[in-house]
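# Coordinate analysis (summary)
Here is what each chain is made of, one letter per residue.
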Amino acid sequence: MLLEGRRLAIDGFMWQAPTLTLVVQAFLLGVLTDAHVGWTVATSVALAGVLACATAMYALRLLDDRAGNFSERVTDHALALGLGDLNRRSHRPKRHPLEWEGWLIWQAALFAFIVADLLALIVTRS
């Protein structure tokens, strides 16, 4: 029970960073596309957006690694107690969309926001 509670806490933390970053990006892109914002402010805002996304991407990868390590520890303890493997196993092929690594999809979305920040900086100032 204690181990499952810890796993749920890790799972909850994993999705907070990218979700909050999406909210921040909506605001930052609004600032970047405002024609009244000068180059200096726009460059600072774009840099903040890129760093926010990069930080969320790193945090997501770090938390996924910790979740994987925690899962291995749970398996080791469960096997030692004779409970078998408690981790979910799927019979779907790896290429099935429900088997894709969620953090990889978030990485792609956050990278798209990095591109959007840079494009908004350049295109709206031309």
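Residues numbered from 1 in each chain as written. Predicted model: local features only at pLDDT ≥ 70, side-chain atom pairs only at ≥ 80, totals over all residues. Heavy atoms only, no water.

Turning to the confidence of the model for the protein, a few remarks are in order. Looking at the protein as a whole, the pLDDT averages 82, with 87% of positions reaching at least 70. In the model of the protein, helix 1 (residues 2-32) stands out as the element of lowest mean pLDDT, 78, in contrast to helix 3 (residues 102-123), which has the highest, 90. (pLDDT = per-residue confidence, 0-100. Helix = DSSP H or I, 4+ residues; strand = E, 2+ residues; numbered from the N terminus.)

This part takes up the nonpolar core. Listed in full, the 10 residues of the largest apolar core are Leu 28, Leu 29, Val 31, Leu 32, Val 37, Ala 42, Val 45, Ala 46, Ala 120 and Leu 121. For this core, the element with the highest residue contribution is helix 1, accounting for four residues. What Leu 29 contacts, discounting residues up to four positions off in sequence, is Phe 113, Ala 116, Asp 117 and Ala 120. Core analysis: the next-biggest nonpolar cluster, separate from the first, contains five residues, Cys 53, Ala 56, Leu 110 and Ile 114 among them. (Core = buried A, V, L, I, M, F, W, Y, C linked by side-chain atoms within 4.5 Å. Buried < 20%, exposed > 50% of the residue type's maximum accessible area, 1.4 Å probe, protein only. Contact = heavy atoms within 4.5 Å.)

Right, let's talk about the environment of Phe 113 for a bit. Locating Phe 113 in the fold gives a position in helix 3. Look at Phe 113 and you get partly exposed, because its relative accessible area is 22%. Through-space distance from the C-alpha of Phe 113 to that of Leu 22 is 8.3 Å; in sequence the pair is 91 residues apart. Ignoring any residue separated from it by four or fewer positions in sequence, one finds Phe 113 in contact with Leu 22, Gln 25, Leu 29 and Cys 53.

With that settled, consider the pattern of salt bridges. Think of it this way: side chains of opposite charge can pair up when their charged atoms draw near. Throughout the structure, instances matching the rule amount to one salt bridge. Arg 61 is paired through a salt bridge with Asp 64; the nearest N and O atoms lie 2.9 Å apart. Remark: Asp 64 and Arg 61 occur in helix 2 (residues 39-80); sequence separation between them is three residues, near one turn of the helix. The buried category is assigned to Asp 64, whose relative accessible area is 18%. (Salt bridge = Lys/Arg side-chain N within 4 Å of Asp/Glu carboxyl O.)

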